[in-house]
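# Coordinate inspection notes
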Amino acid sequence: MTLAELHSAAVGDTLSAALGWTYFIAWSVSFYPQILLNYKRKSVEGLSIDFLVYNVYGFTCYALFNTAFYFNKSIGDEYSRRNDGHQNLVRFNDLFFSYHALALSIITFAQSFYYKRAATQRASRTARGFFYGTLAMLVLSVFSSIYNAVYLLSFIKLGCSMIKYIPQAWLNWQRKSTAGWSIHNILLDFTGGMLSFAQLVLDAARSGNVAEALGNPVKFGMGLASVGFDVLFVVQHYIWYTDRYDCRDIEAQDTLGYGSTDSSD
C-alpha cells in the first residue's frame, strides 16, 4: 500500500468515525426533549403508548443484537462465513447508542405510568400481538441456531422502527394537533438518520462492496424509517396542525417560572 493510499484510508477512517459519533449524539440527544416535555407538562397526553412499547421492545432487541456481534467472536465468524468474508459493520458507537437509547426509552415509558394520561391511552391489541408473536418466533429460532436468533433480533428491531411512528402519526391526525409530541425530538432524529445513511454509504464504498451497507439491516432500516416519518411529522407540526395551544404546557411553564407562553412543542 502506497503512502497516498495509507493517507486516504486514514482520512476515511476519521470521517467514518466522525459521522458515527455525530449521528450517535444527534440520535441520543433526540430522546431528551420528549422526557423533558413530559416532565414539564406532568402529562403524557398526546403521546402514543404504542410508540413507547415499540421503542422499549425494539431497543432491547437492538442492544442484544449489537452486543452479540460486537463481543461474540463466533457470531462474527459465522456472519463472515455466510457473507464472503465481509465483516458486520457494528461499531462501538452503535453498541453505546443502543444501550443509551434503551435506558431513555424505559424512562419515557415509565413516565406514562407516573404522569397523567387519557383513559383511552393504552397499548393496542396490535402492539400486544406484535410483541407476543415476535417473541414466540424468537424463542423458536433459538432451537435452530443462536446466530439465527441473534439475526432475528435485528429484524424485530427493524419491524419496530418501521411501524412505531404509525400510531403517533395517527394520534396526531385524530387530535388535529401535535401538542404533547416534541418536534425537537423529530428534528434531531432526522439529523441522525441522514448522518447514519452517510456513514453506511461511506463505509460500503470504501470496502468496495456497496451491498455491505445492508450487512447491518437494523441501522439501514432505522435510518430509512426515521427520515421518512420525520418528514411527515414536520409537515404535521408546521403545516397541517399549526394550532398548538396546550394548556398543560402553559400551566407547567407558569409553575416552573417561565415567562413565555409559547408552546411550540
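From a predicted model like this one, the values you see are computed outputs, not experimental measurements. (Residues numbered from 1 in each chain as written. Predicted model: local features only at pLDDT ≥ 70, side-chain atom pairs only at ≥ 80, totals over all residues. Heavy atoms only, no water.)

### Digging into the packing of helix α6 (residues 125-142) against helix α7 (residues 146-163)
In contact at an axis separation of 8 Å, α6 and α7 are set at 165° when each is read in the N-to-C sense. Classified by the angle their axes make, α6 and α7 are roughly antiparallel. As for how α6 packs across α7, the hand of that crossing is right-handed. Residues Phe 130, Thr 134, Met 137, Leu 138, Ser 141 and Val 142 of α6 touch α7, and the partners they reach there are Ile 146, Ala 149, Leu 152, Leu 153, Ile 156, Gly 159, Cys 160 and Ile 163. Taken together, the residues of the contact of α6 with α7 break down into 11 nonpolar, 3 polar and no charged. (Axes fitted to C-alpha atoms, helices over the stretch in contact; angles between N-to-C directions. Helix = DSSP H or I, 4+ residues; strand = E, 2+ residues; numbered from the N terminus. Parallel < 35°, antiparallel > 145°, perpendicular 65-115°, else oblique. Left-handed = near helix turned anticlockwise from the far one by under 90°. Contact = heavy atoms within 4.5 Å. Nonpolar A, V, L, I, M, F, W, Y, C, P; charged D, E, K, R; others polar.)

### Quick word on the nonpolar core
Of all hydrophobic cores here, the largest spans 30 residues; its most connected members are Phe 59, Phe 65, Phe 69, Phe 97 and Ile 156. Looking at this core, the elements that each hand over two or more residues are α1 (3-29), α3 (49-71), α5 (92-114), α6 and α7. The element that contributes the greatest number of residues to this core is α3, accounting for 9 residues. Listed in part, the 14 residues of the second largest apolar core include Leu 52, Tyr 115, Ile 186 and Phe 229. (Core = buried A, V, L, I, M, F, W, Y, C linked by side-chain atoms within 4.5 Å. Buried < 20%, exposed > 50% of the residue type's maximum accessible area, 1.4 Å probe, protein only.)

### Let's talk about helix α2 (residues 32-41)
The buried fraction of α2 amounts to 7 of the 10 residues, a majority that puts the element mostly inside the structure. Looking at α2, one finds that the buried residues are Pro 33, Gln 34, Ile 35, Leu 37, Asn 38, Lys 40 and Arg 41.

### Focus on the environment of Arg 128
Topologically, Arg 128 is positioned in helix α6. As a C-alpha pair, Arg 128 and Val 53 span 75 residues in sequence and 8.8 Å in three-dimensional space. A distance of 2.7 Å separates the side chain of Arg 128 from the backbone oxygen of Ala 123, its partner in a polar contact. (Polar contact = N/O pair within 3.5 Å; in protein donor to acceptor, adjacent residues only side chain to side chain.)

### A few points about the packing of aromatic side chains
Working definition: an aromatic ring pair is given by the centre-to-centre distance plus the angle between the planes. Taken as a whole, this structure holds 23 aromatic pairs when the rule is applied. Judged by centre distance (6.4 Å) and plane angle (50°), the rings of Phe 31 and Phe 97 are tilted. Of this pair, Phe 31 sits in the loop between α1 and α2 while Phe 97 is found in helix α5, placing the two residues 66 residues apart along the sequence. In this structure, Phe 31 and Phe 97 share a single accessibility class: buried. Centroid distance Phe 69 to Tyr 151: 6.0 Å. Interplanar angle 70°. Geometry classified as edge-to-face. Of the two residues, Phe 69 sits in helix α3 while Tyr 151 sits in helix α7, which places them 82 residues apart along the sequence. Each of the two residues, Phe 69 as well as Tyr 151, counts as buried. (Phe/Tyr/Trp six-rings, centres within 6.5 Å; stacked < 30°, edge-to-face > 60°.)

Treat this as a map of the structure, not an account of what it does.
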